[in-house]
Amino acid sequence: MHSLDLPEGADRHVIYSELLASLRALVADEPDLIANLANIVAVLKEALPGASWVGFYRQIGADLVLGPFQGKLACTRIGPGQGVCGAAAARRVTVLVPDVAAFPGHIACDSASRSEIVVPVVRRGEVVAVLDLDSEALAHFDALDAEQLGHVAALAAELAW
Ligand code: SME
């Protein structure tokens, strides 16, 4: 097993660097996609305590379908272009939402969610999933999260989809 061993109050650059190293080691010997996605969200949730919900939605046909996650019960299926997740998948870009109330079409799975970031997982030019993180704090996620979670999505894209 691999676990994060971070000093109290560690700098976020350090957290992400440790987290990525941990994730690379974690998925290296396991071929099963769902097992790996499940452990990726577990590591993210543990390392990023300000995130109230962390999970993947997989692109299955036209819809994004709920995959491994940690957090409260969530909507199971998101139609094309719907919500923040659908927007990130359709545009193939990371969508950073500092205030979900100001995002037209935001899907409120959890009424306590205040900010969100969604990162597309692009494999061989196709969106295979999105990585979604919610927070109960306004403007919780920033450009560093967008950059570093992009590395996590790139790692996820290399799995056995
Ligand atoms: N808020 C998302 C839906 C998924 S939940 O946050 C877990 C959206 O607008 O796409």
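Residues numbered from 1 in each chain as written. Predicted model: local features only at pLDDT ≥ 70, side-chain atom pairs only at ≥ 80, totals over all residues. Heavy atoms only, no water.

Caption draft 1: Expanded view of the packing of aromatic side chains. Here the structure, examined in full by the defined rule, presents two aromatic pairs. Ring centres of Trp-53 and Phe-69 lie 5.3 Å apart, and the angle between their planes is 20°; on these two criteria the pair is classed as stacked. In this pair, Trp-53 is assigned in strand β1 (residues 53-60) and Phe-69 in strand β2 (residues 63-70), connecting sequence segments 16 residues apart. (Phe/Tyr/Trp six-rings, centres within 6.5 Å; stacked < 30°, edge-to-face > 60°. Helix = DSSP H or I, 4+ residues; strand = E, 2+ residues; numbered from the N terminus.)

Caption draft 2: Highlighting the pattern of salt bridges. Tallied over the entire structure, the rule returns four salt bridges. Where Asp-110 meets Lys-72, a salt bridge forms, and the shortest distance between an N and an O atom there is 4.0 Å. Of the two residues, Asp-110 is situated in the loop between β4 (95-97) and β5 (115-123) and Lys-72 in the loop between β2 and β3 (77-78); the sequence distance between them amounts to 38 residues. When salt bridges that share partners are traced, they join Arg-12, Asp-142 and Asp-145 into one network. (Salt bridge = Lys/Arg side-chain N within 4 Å of Asp/Glu carboxyl O.)

Caption draft 3: Layout of the site of the ligand. Every one of the 13 residues lining the ligand counts as a neighbour, but Val-84, Cys-85, Ile-107, Glu-116 and Asp-134 are closest to it. At a separation of 2.9 Å, an oxygen atom of the ligand approaches a polar backbone atom of Val-84. Protein chains shield 100% of the accessible area of the ligand, which is 300 Å² for the free molecule. Those elements that place two or more of their residues in the shell around the ligand are β1, α3 (83-91) and β6 (126-135). Among the elements that line the shell around the ligand, the one with the most residues is α3, at three residues. Of the residues that constitute the shell around the ligand, the class distribution is eight nonpolar, two polar and three charged. (Near = heavy atom within 4 Å. Polar contact = N/O pair within 3.5 Å; in protein donor to acceptor, adjacent residues only side chain to side chain. Areas by Shrake-Rupley, 256 points an atom, 1.4 Å probe, with all protein chains shown as cover. Nonpolar A, V, L, I, M, F, W, Y, C, P; charged D, E, K, R; others polar.)

Caption draft 4: View of the state of the cysteines. Counting across every chain of the model gives one disulfide. Two residues share a disulfide in this structure: Cys-75 and Cys-109, whose sulfurs sit 2.3 Å from each other. On the criterion of sequence distance, the pair formed by Cys-75 in the loop between β2 and β3 and Cys-109 in the loop between β4 and β5 is long-range, its members being 34 residues apart. (Disulfide = S-S within 2.5 Å.)

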